[in-house]
Amino acid sequence: MFTFSLITPPDGELSFRAGILSFDNEFKILADPSWNGKDPNAVLFIEQTLGDINAIILSHSTPEFISGYVLLCIKFPNLMATIPVYSTLPVNQLGRISTVEYYRANGILGPLKDALLEIQDVDELFDKVNVLKYLQSTTLFDGKIVLTAYNAGHTLGGTFWLITKRIDKIIYAPAWNHSKDSFLNSAAFLSASNGSPVSSLLRPTAFITGTDIGSTMSHKRRTDKFLELVDATLANGGAVVIPTSLSGRFLEVFHLIDEHLQGAPIPVYFLSYSGTKILSYASNLVDWMVPAISKDWDDGEKSQHSSNMPFDPSKVDLLIDPQELIQLVGPKIVFCSGIDLRNGDLSSEAFQYLCQDEKNTILLTEKSSFASDKTLNSSLYKEWYALTKNKLGGRVEDGVAVPLETVFSIDDWTKEEPMIGGDLTEFQEKINEHRKEKLLAKVRDKKNQNLLNSDLVDAEDSSDDEEDEVEAANSSDEEKDLDSEEKSLASASNGTVVGVKTIDELAAHEAFLTDYIKESLEDNKPIDLRITHRLKPRQAMFPYFPNSHKQKFDDYGEIIDIKDFQKSDEISNTKIIMEGKKKFEQNEKRDRGKNNDRNGNKQKKDKVNKLTPQEQLNNEIFQKYLDTLHGPKKRVKLGASASAYAAQVQQLRVRCVLSFIDLSGLVDLRSLGIIVSSLKPYNLLLIPDFTNNNPDDNESNGLQLAQSYFINQQTEQKLEENKKSLFSSSRYLSLASIRSGLSSVSSYGSNNKMQVSPALINQTAKIGGDADAGSIGLSNFEINLDDSIIEGLNWQSIGGSYKVAQVYGELEIHNQESEEVENKKRTVSDVINSSTQFTLKKVKQEDFIKQQLLLADKVEDTTLNSVSSNGPSLAIGNIRLPDLKKKLQGLNLNAEFKSEGTLVVNDSIAIRKVAYGSIDGDDTGDIIIDGNIGPLYYKKMQPYSRSGGTRKCFYEFQTLVACYTSADTTTKKECTPVFDDYFECLHGYKERERTRIMAQQLKDNEISGKGVVAKDLYKSAGAVYESLDLVKK
């Protein structure tokens, strides 16, 4: 049983949301935790659920997929410490920047009164994430679940997941793009070589996807409109304001602008809390982009011209304060972080300064994923949608520029003001205490680790008594040292000035000496050792550290170091992660205290002078926005501020040009339907469209549009299947349809129609569930074969590498949970559920037949008689047309594919596959050979089938040919009966008609309660179809 639920707080607000994928109520995976940035305590409701979580997956690096991860670690550190987290390398790296930007904008990071963490905390939490590569399979829970990441094409490193547990395959794809854009490849659902679905993704148990639908306009046309609108605004002397998500689609938009300007003297300004780090990170991740980006990067390095290199940070001008935009007149392009334009985003401040000039254009490229919070982005999109619809006469099209003149209320917006007095002192003490606790915990961990390592070394050359004495002495010394350090920290924290010096000394504690020496040895650096007076005589000597370069040998030879055989891509990934750990290194190494030493100031000044102007601006931005103790501030509402804003009416008047062009990199509705149809999932779960909080909006609500589309699609497919079944069905396929038709008369859930359902909030969607309402919900389960059966299997080869064996026996059912329940009448659902274990025991053939007859007479429950499987059909020894083409070409025949996948041989014989149902694909359909009778036709009509046996209707065909070629045949009419037999064998028109009449009669008998019904046929013979004798000769 598989379940999926979208959990949010019980109050109905979408302040926090995440998906939970559960397998048999045994393994639970938390997917993409997201926080809306308002109340950090909104996550508290998940505490009980989080205790049952076994793993966490992060699909994208944008706030709507990753903003809740660090918040969970802050609120539940003990629980999160035991849960493994998985993501790709770009998501791991860009997610750091995304989280810093998002948390700083919402006031819980940086020099703000309500800050809950520092940038170092974010970095440490992301270091714990397990980094994966595309197509890398990871086994979880002792190999019971396999997790594989695939390229989603939506963001850099963005992922959709294939989660496999036994025979269940789940595709979790919350956001993906079907088409290739300027810097990312398309989603990996289809093969790049032939466009067919990836075989490992076919026929999943469930396909979970988002319904934030992209534009139907082609990507090239959208980019052309985007650039035309930018050119028109710049030619008019205005500014193009582009709010964007830095870790998401900013890289796409920036690359388009960069390629379009080609060094033109148009200033490109950049507003971000983290400076140009996003561009520096992107330049290290070009291997995850399209090959053209890597080629441009290599060409730029060879030419040594940074202007030719994509995502070069020097191509933008950093602004420390958005207020600088007022003084920068003339045409310009402004990128600002914060797609939602909410309070605290730098994009909202830039919007305030530039929205009152009619020459400026506010250019939206994405919709807000937090529409329920009524962000400014959502309000602007609604205004543009209404104005565009009115302008085009009821039609809406991307790229239409409309004049906007309106007023927005900003009563809930805030302004940052410096903290003074008691608030400042309290804030400094809080930060100091936080840092002290972190460092003390780190020292304790390192001491414990060093003690364990020293025990291993001492065991080789010391007796037990000596070890006890040394450990006692060391522990007493360490306790004294730790006590003195804690006392010094406590005394420092009592004052108004933070004890920075004491914390720095603690950070350089001797517990970290081992790590320093190991790093120096690996880098071949010299080491200076200082023997302190605190050491005992035994330890007052140069410590011994094993030489990592010394060759080691054992009885089998030299010991191999795995690092010598490590792949280059793994080494590069490690280097990128190490760069991520140092991303705020300049900020950490600054002088925290007020050092008046002239030499120190001179050295610091010389070091600063070596930095480029942009690096200096980056350092100033880090210090202003992210240094927790640099000018702490508090946020006050605009109306309550002591500034000039208090005397003004809190309304924002807007008079500018507004346009929306969808560059969000999401799949459109038509492509979604085509790809889902090609994958043929059994169940399709649709995640609600969070960009539209109006469920009754049938025009732009993605969930409503997707549901309507798939309902119409299935209706059309059903009509098409009915047509095909009437005109081109073969005998074998008609029998398959008879079987499904008869069983569907009395069985529950026997059809193979794809089930489409929305993933409603706080409701669980069950797939392959346990017994419910008297019906058995298990459609797929595993059976363990007894050793006695395995020993007696008679394998038969059926061609190629395929072998089959007949198995029969007695099925034993074991359910420990139901057996533990006492004094309770057990039902079918108590015995047969997802916890049931099935074992097939050996039984004699005569005993097997007797038990079958006895069971058929006693069992009255019709649901047990009509259990059917909704699992995939298995085609053994299936003929693939590409393989057939190679074999025909090996026989010197001209074979080539033509329209609609038809294989044409010597322009006279056409071979094609026909799929007659939604469960059949191109690889499981029937083969049809069309053409004139001749030598080539006879050559193709070999007397063996794809399963190794005699080809269908071959003997009827031989009889027909013998009749035509016989010397006794005088007229063609004499062969008409033989031809009718052959024609009926091929197409089965008479058989299908008789079957239809019989099925209708069985249905009428069941309604009237008279005569034989389908369940009677099942009861009298275990396999009804072998005893019906539908076609009498």
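Residues numbered from 1 in each chain as written. Predicted model: local features only at pLDDT ≥ 70, side-chain atom pairs only at ≥ 80, totals over all residues. Heavy atoms only, no water.

A. View of the packing of aromatic side chains. In total, this model carries 29 aromatic pairs according to the counting rule given. Centroid distance tyrosine 150 to phenylalanine 160: 5.2 Å. Interplanar angle 10 degrees. Geometry classified as stacked. Here the residue tyrosine 150 occupies a position in strand β8 (residues 145-151), and phenylalanine 160 occupies one in strand β9 (residues 159-165), the gap between them amounting to 10 residues. Residue tyrosine 150 is classed as buried on the basis of its relative accessible area, which comes to 7%. Ring geometry for phenylalanine 250 and phenylalanine 254: centres 5.7 Å apart, planes at 35 degrees, overall tilted. Residue phenylalanine 250 and its partner phenylalanine 254 are located together in helix α8 (residues 250-261), separated by four residues, close to a single helical turn. Note on accessibility: phenylalanine 250 and phenylalanine 254 belong to one class, buried. A cation sits over an aromatic face here: arginine 342 above phenylalanine 370, 5.2 Å from the ring centre. (Phe/Tyr/Trp six-rings, centres within 6.5 Å; stacked < 30°, edge-to-face > 60°. Helix = DSSP H or I, 4+ residues; strand = E, 2+ residues; numbered from the N terminus. Buried < 20%, exposed > 50% of the residue type's maximum accessible area, 1.4 Å probe, protein only. Lys NZ or Arg CZ within 6 Å of the ring centre and 35° of its normal.)

B. Focus on α8. With 12 residues, α8 extends 16 Å between its outermost C-alpha atoms, agreeing within 8% with the 16 Å of an ideal straight helix rising 1.5 Å per residue. In terms of burial, α8 is a largely internal element, 10 of the 12 residues being buried. Taken together, the buried positions of α8 are Phe250, Leu251, Glu252, Val253, Phe254, His255, Leu256, Ile257, Asp258 and Leu261. Immediately beyond the C-terminal end of α8, within one or two residues, lies glutamine 262, with a positive phi of roughly 50 degrees. (Expected span 1.5 Å × (residues − 1).)

C. Looking closely at the pairing of strand β12 (residues 239-244). For β12, the buried fraction is high: six of the six residues fall into the buried class. Bridge count for β12 against strand β15 (residues 332-337) is six bridges, and the pairing is parallel. What sits directly across from isoleucine 242, in β15, is phenylalanine 335. Alignment of β12 against strand β16 (residues 361-364), held across two bridges, turns out to be parallel. Each bridged residue has a counterpart across the sheet, and for valine 241 the counterpart in β16 is isoleucine 362. (Pairing = 2+ DSSP bridges.)

D. Expanded view of the pairing of strand β3 (residues 27-35). Among the nine residues in β3, eight count as buried, and that is most of the element. Pairing geometry for strand β2 (residues 16-23) and β3, over seven bridges, is antiparallel. When the sheet's bridge partners are listed, arginine 17 is paired in β3 with serine 34. Here β2 folds back onto β3 in antiparallel fashion, the turn holding three residues, of which aspartate 24 has a positive phi close to 55 degrees.

E. Spotlight on the side chain of serine 5. Its location among the elements puts serine 5 in strand β1 (residues 2-7). Overall, the relative accessible area of 12% leaves serine 5 in the buried class. Setting aside its immediate chain neighbours within four residues, serine 5 contacts Ala18, Gly19, Ile20, Gln763 and Thr764. (Contact = heavy atoms within 4.5 Å.)

F. How the structure looks around the state of the cysteines. Enumeration according to the criterion identifies one disulfide in this entry. In this model, cysteine 963 is linked to cysteine 975 through a disulfide, with the two sulfur atoms separated by 2.0 Å. The disulfide joining cysteine 963 to cysteine 975 has a torsion of about -95 degrees about its S-S bond and is therefore left-handed. Placement of the pair is cysteine 963 in helix α31 (residues 954-965) and cysteine 975 in the loop between α31 and α32 (976-987), with a sequence separation of 12 residues. (Disulfide = S-S within 2.5 Å.)

G. Quick look at a nonpolar patch on the surface. Residues Ile783, Leu785, Ile790, Val807, Leu811 and Ile813 make up a contiguous nonpolar surface patch of roughly 450 Å² in combined accessible area. For the nonpolar patch, the secondary-structure elements that each account for two or more residues are β26 (783-785) and β29 (810-814). Tracing the backbone shows leucine 811 in strand β29. Leucine 811 gets classed as partly exposed once you look at its relative accessible area, which sits at 39%. (Patch = residues over 30% accessible without salt bridge, like charges linked within 9 Å, V, L, I, M, F, W, Y side chains within 5 Å. Areas by Shrake-Rupley, 256 points an atom, 1.4 Å probe, with all protein chains shown as cover. Salt bridge = Lys/Arg side-chain N within 4 Å of Asp/Glu carboxyl O.)

H. Seen up close, the environment of phenylalanine 189. Along the chain, phenylalanine 189 turns up in the loop between β10 (168-173) and β11 (206-210). Separated by 10 residues in sequence, phenylalanine 189 and serine 199 place their C-alpha atoms 9.3 Å apart.

I. Representation of the nonpolar core. Counting 117 residues, the largest nonpolar core has Tyr69, Phe226, Ile333, Phe335 and Leu380 as its most contacted members. For this core, the element with the highest residue contribution is helix α5 (residues 89-105), accounting for eight residues. In this structure, phenylalanine 226 is in contact with Ile242, Val253, Leu256, Ile257, Leu363, Thr365, Ile661 and Leu663, ignoring residues within four places of it in sequence. Among the nonpolar cores identified, the runner-up in size contains 30 residues, and Phe2, Leu14, Ile163 and Ile170 belong to it. (Core = buried A, V, L, I, M, F, W, Y, C linked by side-chain atoms within 4.5 Å.)

J. Summary view of the sheet that holds strand β17 (residues 402-409). Read across the sheet, seven strands follow the order β14-β13-β15-β12-β16-β22-β17 without closing on themselves; strand pairing throughout is mixed. Each edge of the sheet is formed by a strand with only one pairing partner; in this case those strands are β14 (317-318) and β17. One ladder, built from four bridges, connects strand β13 (residues 268-271) with β15; its direction is parallel. In the strand pairing of β15, valine 268 is matched with isoleucine 333. Across the sheet, helix α12 (residues 376-391) lies against β16, β17 and β22 (651-660), angled at about 145 degrees from β17, the strand it touches most. (Axes fitted to C-alpha atoms, helices over the stretch in contact; angles between N-to-C directions.)

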